[in-house]
Each structure stands twice: as C-alpha cells, then as structure tokens.
Amino acid sequence: MTGQSRALMPDYLRLFALFGIVMVNIQYIAFSALEGFATPSGATILDGITLWLVNGLALLKTYGLFSFMFGVGLGFLMRAAMRRGLGFGRIFRNRMIGLLILGIAHGCLFFPGDILSIYAVTGAILYLFRDWPVPRLAGMGAALLVIQAVITPALLLAAPQTPPDIVAIEHTIMTEGGLIETIMLRSISFAFTLPALLLIQGVSALGWFCLGLAAVKSGMIDDAAHPLWRRARRWCLGPGVVLGLAGAAMLQWGGAVPGVVLSIIAAPVATLGYLGLIAAVSRPPGPIMAQALTAGASSLSIYLGQSIILSTIFSAYGYGLWGAVDHLTATAIAVAVSAGLMA
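Description of the structure in this document. A quick note: this is a predicted structure, and the numbers were derived from the prediction, not measured. (Residues numbered from 1 in each chain as written. Predicted model: local features only at pLDDT ≥ 70, side-chain atom pairs only at ≥ 80, totals over all residues. Heavy atoms only, no water.)

1. Describing the packing of aromatic side chains
Now for step 1: Using the criterion set out here, one finds twelve aromatic pairs in the structure.
Now for step 2: With a centroid separation of 6.4 Å and 80° between ring planes, the pair formed by Phe 68 and Trp 208 is classed as edge-to-face. Of the two residues, Phe 68 sits in helix H4 (residues 61–84) while Trp 208 sits in helix H10 (residues 202–218), which places them 140 residues apart along the sequence. For the pair Phe 68 and Trp 208, a shared accessibility class is recorded, and that class is buried. (Phe/Tyr/Trp six-rings, centres within 6.5 Å; stacked < 30°, edge-to-face > 60°. Helix = DSSP H or I, 4+ residues; strand = E, 2+ residues; numbered from the N terminus. Buried < 20%, exposed > 50% of the residue type's maximum accessible area, 1.4 Å probe, protein only.)

What follows is the structure in structure tokens.
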C-alpha cells in the first residue's frame, strides 16, 4: 500500500457518512418529527419500502459512522498539533466551543435533531481519554456501545407520546407559518430534545469517538487493508444489514418493542460492517470521485448546508414541501442537494 492509498479511507468515510446522515435527517425535516420513534408504513408501497430501507440501512448506523469520523478527526488534530509544536488543549477547547455555538444555532434555526452540540459535550469528555493506549480506548468504546444498546430501548419505549394538539401545532406552523414562527417551534423542540438525545445518542457517540481515536493511534485508519477491516466486513456486514432490515420491518409494520430493540442492537454491528466495506472501496479515485472526496473533506460545512437548504425547501417560508411529497421524493431531493453542495 502506498501512502496515498492508505490515506484515502478517511475521505471515503466522510463521503459515505454525509450521504447516509442526510437520508436519515430528511425524514425529520420533510415530515413530522413529533410523532414518535415508530414510523408509519407510508402512504404507498413504494413509500413504505423507502422508509424501510432508510431505517434498516441508515438509521443509527450513519450516526455511528459520523461519530467514528469525529474520533478520527481528533486523532489527526493531535498529530498535527504535535508535529507543529502547538498546544493541543487550547486548540481542542476552542474547537469544541465553536462546535457548541454552531450546534445550538443549527438546532434552533434549522434542525432540532442537531448532533453538533452533542459532539461538543461528549467531545469534551473524550479529551480526558486522549492519552489512553489503544487497548484501553477500544475497550471503553466497546463498553459504551454495549451500555447504549442496553439503556436506549428502555428510554425510547418509556418516552411519552406527543399530545395530538402539539402535533397539530407543528403541522400548522410547518405548512402555514412564517420564518419567526418556524424558528420558535424549532427552538422549543431543540430545547426539549437535546437532553434526550444526549442520553440516547451521547453514550454511543462517545463510544465511537474512542474507537475512531484508537483507529488513528493504531494506524488502522491509514491502512485500508488491515486484517481487522476484513474481519469487520466478513463477520459484521451481512448480519448487521439483515438484522437492521428485520428490525426496521418490525418497527414499521408491527411489533414496535422488538423492532426498537433489534434496530438498536443491529446498529453497531452494521456500522462495523460498513467500516469494513468502506476500507474495501478506498482505492485511488477517478476524476469525478476525486472531486467528491475533496468536497467531502469540508464535512462540517456540507452537513450544515444540507440542513439550511433542505429546511428552506420544505418549510412554509420556503417552497412549502413539508408533508407534501412522499418519502422517496424527499430522499431524492436530499441526495441531490448533497451532491450539489459537493459539486
């Protein structure tokens, strides 16, 4: 392997994560985010299949990829600071403060399901682990993912249903409201959802952070042919995808409790399989893919750009498409916006 090819995996990882996360987020940007975790079956067969595939293949899995990428970024930042003789603590502190500010603004103005604020909080905890050896980081990451798989189903299933009148207010504002009313709705939603998301997503995010940092320290992220990536692809990809699709089917067409449990258990398995798959395709790109990989390096800008553009398209103050198109069309719009941002 050459140095160039070894360095390609982080670029492919960013690209994969950006497209995956927008396909999940659009389901909560273009449709109600207050109707609960269990998703309706869809208005048509094609609509239902779209939801099933998004939930089975991407829901919770791409958040894991995005979080793993964050841990990798911390490792690269530590490398750069050490190479240049800079104070890593000050650099990291400023980045987390900036990330928190961006996350709060993003959650209040555009998307209440923001993950940047969660990353800022859990990233501050990761800083305490920065000098840990690889085995300890990997053990902590695995333990946190197990803890998340145990506690999250109970948290989700215990969450009260949103009262119908609140859902009706959301519908009225998203279909008829102006910019100020929409921002107020998003700000209130963000204030209520952030603590829950910190519990539901924060534990697993920190676990993936640890694994991403371990991948940098061990050199795995620089070596797409590392045996552990092959093992992840061989042992996790197939079972993770099958279990994820089965959990999504239960969640969508009946059996909410087993569907939630199976979806959450399948998520880290599928994510590990995806990492192995990304390692397998991390090869020197052609001209078009090279352009996409270069743009993918601006992952924060693209993530924010996705929300800004899509929230405008679907809100009443924009093009008013909220709830007016099917899930397949909304997903296609999200993918097209992401491709446009990269281009």
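2. Quick word on the pattern of salt bridges
Now for step 1: Counted under the stated rule, the structure contains two salt bridges.
Now for step 2: With a shortest N-O distance of 2.6 Å, Asp 11 and Arg 14 are connected by a salt bridge. Of this pair, Asp 11 and Arg 14 are both found in helix H2 (residues 8–29), three residues apart, which corresponds to roughly one turn of the helix.
Now for step 3: Assessed through its relative accessible area of 21%, Asp 11 is described here as partly exposed.
Now for step 4: For Asp 222, the salt bridge identified is with Arg 79, shortest N-O distance 2.7 Å. Taken as a pair, Asp 222 in the loop between H10 and helix H11 (227–253) and Arg 79 in helix H4 lie far apart in primary sequence, 143 residues in all. (Salt bridge = Lys/Arg side-chain N within 4 Å of Asp/Glu carboxyl O.)

3. Re the packing of helix H5 (residues 88–109) against helix H6 (residues 116–126)
Now for step 1: Where H5 meets H6, the closest approach of the two axes is 7 Å, and the angle between their N-to-C directions is 155°. Judged by the angle between their axes, H5 and H6 are roughly antiparallel. The two elements H5 and H6 meet at a crossing, and its hand is left-handed. Taking contact as the criterion, the partners of Phe 92, Met 96, Leu 99, Leu 100, Leu 102 and Gly 103 in H5 are, on H6, Leu 116, Ser 117, Tyr 119, Ala 120, Gly 123 and Ala 124. (Axes fitted to C-alpha atoms, helices over the stretch in contact; angles between N-to-C directions. Parallel < 35°, antiparallel > 145°, perpendicular 65-115°, else oblique. Left-handed = near helix turned anticlockwise from the far one by under 90°. Contact = heavy atoms within 4.5 Å.)

4. So, unusual backbone geometry
Excluding glycine, most residues fall at negative phi; most peptide bonds, likewise, are trans.
Now for step 1: Phi is positive for Leu 60, which is not a glycine, with a value near 75°.
Now for step 2: Among the secondary structure elements, Leu 60 is positioned in the loop between helix H3 (45–57) and H4.

5. Let's talk about empty space enclosed by the protein
Now for step 1: Per the counting criterion, the structure on display carries one cavity of 30 Å³ or more.
Now for step 2: Quantified by volume, the largest cavity comes out at close to 190 Å³.
Now for step 3: Lining the largest cavity are 17 residues, with Leu 60, Tyr 63, Gly 64, Gln 148 and Ser 204 positioned closest to its centre.
Now for step 4: Looking at the lining of the largest cavity, the elements with two or more residues in it are H4, helix H7 (134–158), H10 and helix H12 (256–281).
Now for step 5: At four residues, the largest contribution of residues to the lining of the largest cavity is made by H12.
Now for step 6: Along the lines of polarity and charge, the residues of the lining of the largest cavity split into eleven nonpolar, six polar and no charged. (1 Å grid on protein atoms, 1.4 Å probe; cavity = no way out; pocket = protein on both sides within 12 Å on 5 of 7 lines; lining within 4 Å. Points joined across faces, edges and corners; volume = space filled by probe spheres on them. Nonpolar A, V, L, I, M, F, W, Y, C, P; charged D, E, K, R; others polar.)

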